[in-house]
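Coordinate inspection notes
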Amino acid sequence: MAYQLYRNTTLGNSLQESLDELIQTQQITPQLALQVLLQFDKAINTALANRVRNRVNFRGSLNTYRFCDNVWTFVLNDVEFREVTDLVKVDKVKIVACDGKTCP
């Protein structure tokens, strides 16, 4: 089963809202909607693993960290993100990192 982290993105939320609407109007079954979401999870994880090649460096102060169920969670303060010539500064950021190699 693929990670479901990307269901809370704009794209994932839009998909879920559309599927809910189709269920409400009885154009699809809840089981079919679940199958679509599972396919979305697989597709987005595969696409990000194989197609994204950009690298971003970041630096900040580590506030907290946690490792649970093969998932790292980091909370950083005063973070700078750098990509070639671009620089973005934020007060606080939460990073969730999952081991993609253990995901089927």
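This is a predicted model, so every value here is computed, not measured.

With numbering aligned to this structure, UniProt lists the feature "domain: Transcription initiation factor IIA gamma subunit N-terminal" (unreviewed entry) at residues 3-48. Taken end to end, residues 3-48 has its terminal C-alpha atoms 12 Å apart, with 74% of it in helix and 0% in strand.

By secondary structure assignment, the location of Asn-70 is in the loop between strand 1 (57-68) and strand 2 (71-83). Given the relative accessible area of 35%, Asn-70 is considered partly exposed. Taking C-alpha positions, Asn-70 is 21 Å from Asn-50, a pair spaced 20 residues apart along the chain.

A sheet is described by the order of its strands in space; here three strands give the open sequence 1-2-3, paired in antiparallel fashion. Sheet topology places strand 1 and strand 3 (86-98) at the edges, where each strand pairs with a single neighbour. Direction aside, the axes of adjacent strands within the sheet are offset by 10 degrees on average. Pairing of strand 1 with strand 2, which is carried by 10 bridges, proceeds in the antiparallel orientation. Paired with Arg-59 across the strands is Glu-80, a residue of strand 2.

Next up on the list: the packing of aromatic side chains. The way to describe two aromatic rings as a pair is by their centre distance and the angle between their planes. Scanning the entire structure with this criterion turns up four aromatic pairs. Ring geometry for Tyr-65 and Trp-72: centres 6.4 Å apart, planes at 40 degrees, overall tilted. Under the relative-accessibility criterion, Trp-72 is labelled partly exposed at 35%. Seen from their ring centres, Trp-72 and Phe-74 are 5.5 Å apart, and the 10 degrees between their planes marks the pair as stacked. Judged by relative accessible area, which is 28%, Phe-74 ranks as partly exposed.

So, about helix 2 (residues 30-51). The first and last C-alpha atoms of helix 2 sit 31 Å apart over 22 residues, in line with the 32 Å expected at 1.5 Å per residue. Listed in full, the buried residues belonging to helix 2 are Ala-33, Leu-37, Phe-40, Asp-41, Ile-44 and Asn-45. Buried residues of helix 2 fall within an arc of 115 degrees about the axis and therefore sit on the same side. Projecting away from the buried face of helix 2 at angles above 90 degrees are the exposed residues Gln-31, Gln-35, Ala-49 and Arg-51.

Reading the values: rules and limits
Residues numbered from 1 in each chain as written. Predicted model: local features only at pLDDT ≥ 70, side-chain atom pairs only at ≥ 80, totals over all residues. Heavy atoms only, no water. UniProt positions renumbered as here; feature names shortened; annotations may be inferred. Helix = DSSP H or I, 4+ residues; strand = E, 2+ residues; numbered from the N terminus. Buried < 20%, exposed > 50% of the residue type's maximum accessible area, 1.4 Å probe, protein only. Pairing = 2+ DSSP bridges. Axes fitted to C-alpha atoms, helices over the stretch in contact; angles between N-to-C directions. Phe/Tyr/Trp six-rings, centres within 6.5 Å; stacked < 30°, edge-to-face > 60°. Expected span 1.5 Å × (residues − 1). Arc of directions from axis to C-beta.

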